Amino acid sequence: MEGSIGLLGFGEGGWGPSIASGILVTVSLALATLPVGLVIGFFVALGKQSSEPSVKLAANMYTTIFRGLPELLTLFVVYFGAQIGIQKLALLLGYTGNIEINSFIAGMFALGVVFSSYASEVFLSAFRAIPKGQYEGGYAIGLSNGQTMRKVILPQLIRIALPGLANLWMILLKDTALVSAIGLADILRQTGVAARVTKHAFLFFGTACMIYLVLAILSSFVIDAIERRAARSGVKR
Amino acid sequence: MTESYLNARTPTTLRPPAPPKRWTKPRVIGHVLVGIWAALIIGLLFYLYTAWNPELIQKYGPTYWSGLKTTIGLVGSSIILGALISIPVALGRMSKNWFASSVAYAYVYFFRGTPLIAQVFLIYYGVGSFKTQLEAVGLWVFFREAWYCALVSFALNTAAYQAEILRGAIRSVSLGQWEGAASLGISKFVTFWKVILPQALIVALRPYGNEVILMIKGSAIVALITVYDLMGYTRLAYSRTFDFQAYLWAAIIYLILVEILRHIWDWMERRITRHLIR
């Protein structure tokens, strides 16, 4: 038992610092992916509830593809595909050096795309929960299309979509573990290295699981606070 | 005469309504977006056509097929095993017994709160730490195989999700159904089996379908622990040939698999909710 505390600690021979840096990578990757996924997801949802069939078709194709592919495969396709694509592009421009794609950016992009396709469904059902009268009320007092969206619909939309988005955040947090497969030094990668070096696999992977669990619990506190805050600005019932 | 005729033409004649705009902004955007998708798909087909290599297909095609069979076998057996484990877990979650419900809650929280890939690694690499104990019980042969480790971790993981689905579905059936059956003198077990469960399963069908699809997608990670499923053979083919089409073919196969499942589920839902359509 004492040995395992030493292994996990920050002292000499302890893997604490490298695991802590892994936590930082995981959290920053998830936080960086979130806005990307939310913005794309919002616009895809807008497209899905459009009255124009071609917009709807394009948006539905997006979600069908990215919800049907395994996240790991999406990650590999983005990572290797972008590498090959950019290399070919550079070759056309006359550059022959070796180009490495940043695995953080690739992970952010792939996870953002997956997140957005699920988020679009959440936004879509939230859109459907807002009665038409809200739009009409907005137009009646002379707000433009964009203003109605920003000042009338969006505040309600966010409140309705929050529980679904909170769920997706938890999934995103777990999905970040996949980037260890393309070499990003996140929690799982760092604990994996420690496990291989020290041969205490159960200890280190168990620690990784516990860290993810703590991150999930911490985020549920934050989400609760946000939900309370959002409910405060809503109509009192 | 002419004057009165002119007067008769009142200035209030309305202009005919403007013809509907043919190319509104959303329409243009939509066509551009569909055009981009079409271009991407045609580009993909063109790439696969030019990169078509009979030698490669002959060599790796059969491996993809066997990988697909491994994927389906692994997911199918872990879903069934998980369904069996989920029953006591769901019962524990609904139990009034403090101990049983907290144990079940902890189980569900752990498996839903940690990444599946971390669980797979924990079991696959972690069992090595207990080699001597496992050898003593005779389970080492079982855990030595990556496939069985994947099966165990998948089954435990999906059991947690399925338990929540089951619990939610049983809760969704109103209490009046229990009371109605009780007033007819039907025993609790028969009530559950013949009254509650059929109604609960209608509610649970869609989440179960989502869970199966999530498992199919999630099963790709077993490639990282040396199980040769579809993803595993894809990685193998890519690492040997550095031909990007390896990944594209896998993407197409996964997409088709998921779409087939989705349509089967839509069909099943239509079939079992026939009596609800008025």
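As a reminder, the structure under discussion sits directly above these lines.
How each quantity is defined
- Residues numbered from 1 in each chain as written.
- Chains lettered and ligands numbered in written order.
- Predicted model: local features only at pLDDT ≥ 70, side-chain atom pairs only at ≥ 80, totals over all residues.
- Helix = DSSP H or I, 4+ residues; strand = E, 2+ residues; numbered from the N terminus.
- Buried ≥ 20, exposed ≤ 12 C-beta atoms within 10 Å, placed from the backbone.
- Contact = placed C-beta atoms within 7 Å.
- Core = buried A, V, L, I, M, F, W, Y, C linked by C-beta atoms within 7 Å.
- Nonpolar A, V, L, I, M, F, W, Y, C, P; charged D, E, K, R; others polar.
- Expected span 1.5 Å × (residues − 1).
- Axes fitted to C-alpha atoms, helices over the stretch in contact; angles between N-to-C directions.
- Left-handed = near helix turned anticlockwise from the far one by under 90°.

Caption draft 1: Geometry of the overall build of chain A. In terms of helices and strands, chain A carries 9 helices and 0 strands. Helices (α) and strands (β) of chain A occur, in sequence order from the N terminus, as α-α-α-α-α-α-α-α-α. Judged by the C-alpha coordinates and their principal axes, chain A covers about 70 × 55 × 25 Å. Considering chain A as a whole, with its 237 residues, one finds that 38% of them fall into the buried category. Restricting to contacts in chain A with at least 6 residues of sequence separation, those with at least 24 account for 72%.

Caption draft 2: Expanded view of the overall build of chain B. Broken down by element type, chain B carries 12 helices and 0 strands. Order of helices (α) and strands (β) in chain B, N terminus to C terminus: α-α-α-α-α-α-α-α-α-α-α-α. Across the 278 residues in chain B, those meeting the buried criterion constitute 29%.

Caption draft 3: Spotlight on the nonpolar core. If you look at the biggest cluster of nonpolar residues, it comprises 113 residues, and the most contacted ones within it are L73(A), F205(A) and A118(B). When sequence neighbours within four positions are dropped, the list of residues in contact with L73(A) reads A220(B), M231(B), Y247(B), A250(B), A251(B) and Y254(B).

Caption draft 4: Just the interface of chain B and chain A, in detail. Listed by partner, the interface residues are 34 residues for chain B and 36 residues for chain A. Only α2 (25-50), α4 (98-113), α5 (116-126) and α12 (245-272) of chain B provide two or more residues apiece to the side of chain B that touches chain A. Looking at which element gives the most residues to the side of chain B that touches chain A, the answer is α2(B), with 8 residues. Looking at the side of chain B that touches chain A residue by residue, the class counts come to 23 nonpolar, 8 polar and 3 charged.

Caption draft 5: Expanded view of unusual backbone geometry. Of note in the backbone geometry, K199(A) takes a positive phi value of approximately 65 degrees without being a glycine. Even without glycine at this site, F242(B) takes up a positive phi of about 50 degrees. Its location among the elements puts F242(B) in the loop between α11 (230-241) and α12.

Caption draft 6: Looking closely at α12(B). Compared with the 40 Å implied by 1.5 Å per residue over 28 residues, the 41 Å span of α12(B) between its first and last C-alpha is a close match. Restricting attention to buried positions, one finds in α12(B) the residues Q245(B), A246(B), Y247(B), W249(B), A250(B), A251(B), Y254(B) and V258(B). Next to the buried residues of α12(B) lie α3 (53-68) and α4 (71-92) of chain A together with α2, α3 (54-94), α10 (188-218) and α11 of chain B.

Caption draft 7: Representation of the packing of helix α8 (residues 146-172) of chain B against α10(B) in the model. All names here are of chain B. Viewed as axis vectors pointing N to C, α8 and α10 meet at an angle of 150 degrees, and their least axial separation amounts to 8 Å. In this structure, α8 crosses over α10, and the sense of that crossing is right-handed. Every residue of α10 that contacts α8 at F154, T158, Y161, Q162, I165, L166, A169, I170 and S172 is listed here: I196, A200, L201, V203, A204, P207, Y208, E211 and M215. Split by residue class, the contact of α8 with α10 holds 14 nonpolar, 3 polar and 1 charged.

Caption draft 8: Summary view of the environment of A59(A). Note on placement: A59(A) falls in helix α3. Excluding residues within four positions of it along the chain, A59(A) makes contact with V44(A), G47(A) and K48(A).

Caption draft 9: Molecular detail of the environment of G81(A). Residues and elements named next belong to chain A. Turning to its location among the elements, G81 is positioned in helix α4. You can call G81 partly exposed: it has 16 C-beta atoms within 10 Å. Sequence-wise, G81 and G97 are 16 residues apart; in three dimensions their C-alpha atoms are separated by 17 Å.

Caption draft 10: Summary view of α4(A). End to end, α4(A) covers 31 Å across 22 residues, agreeing with the expected 32 Å (1.5 Å per residue, within 8%). Turning to α4(A), its buried residues number three or more, namely E71(A), L72(A), L73(A), T74(A), L75(A), F76(A), V78(A) and Y79(A). Looking at the packing, one finds that the buried side of α4(A) touches α3, α5 (103-129) and α7 (145-175) of chain A together with α10, α11 and α12 of chain B. Note on α4(A): the residue one or two positions beyond its end, G94(A), has a positive phi of about 95 degrees.

Caption draft 11: Structural context of the environment of E55(B). All names here are of chain B. By secondary structure assignment, the location of E55 is in helix α3. According to the C-beta neighbour criterion, E55 is exposed, with 8 such atoms within 10 Å. When the C-alpha positions of E55 and Q162 are compared, they lie 44 Å apart, and in sequence the two are 107 residues distant.

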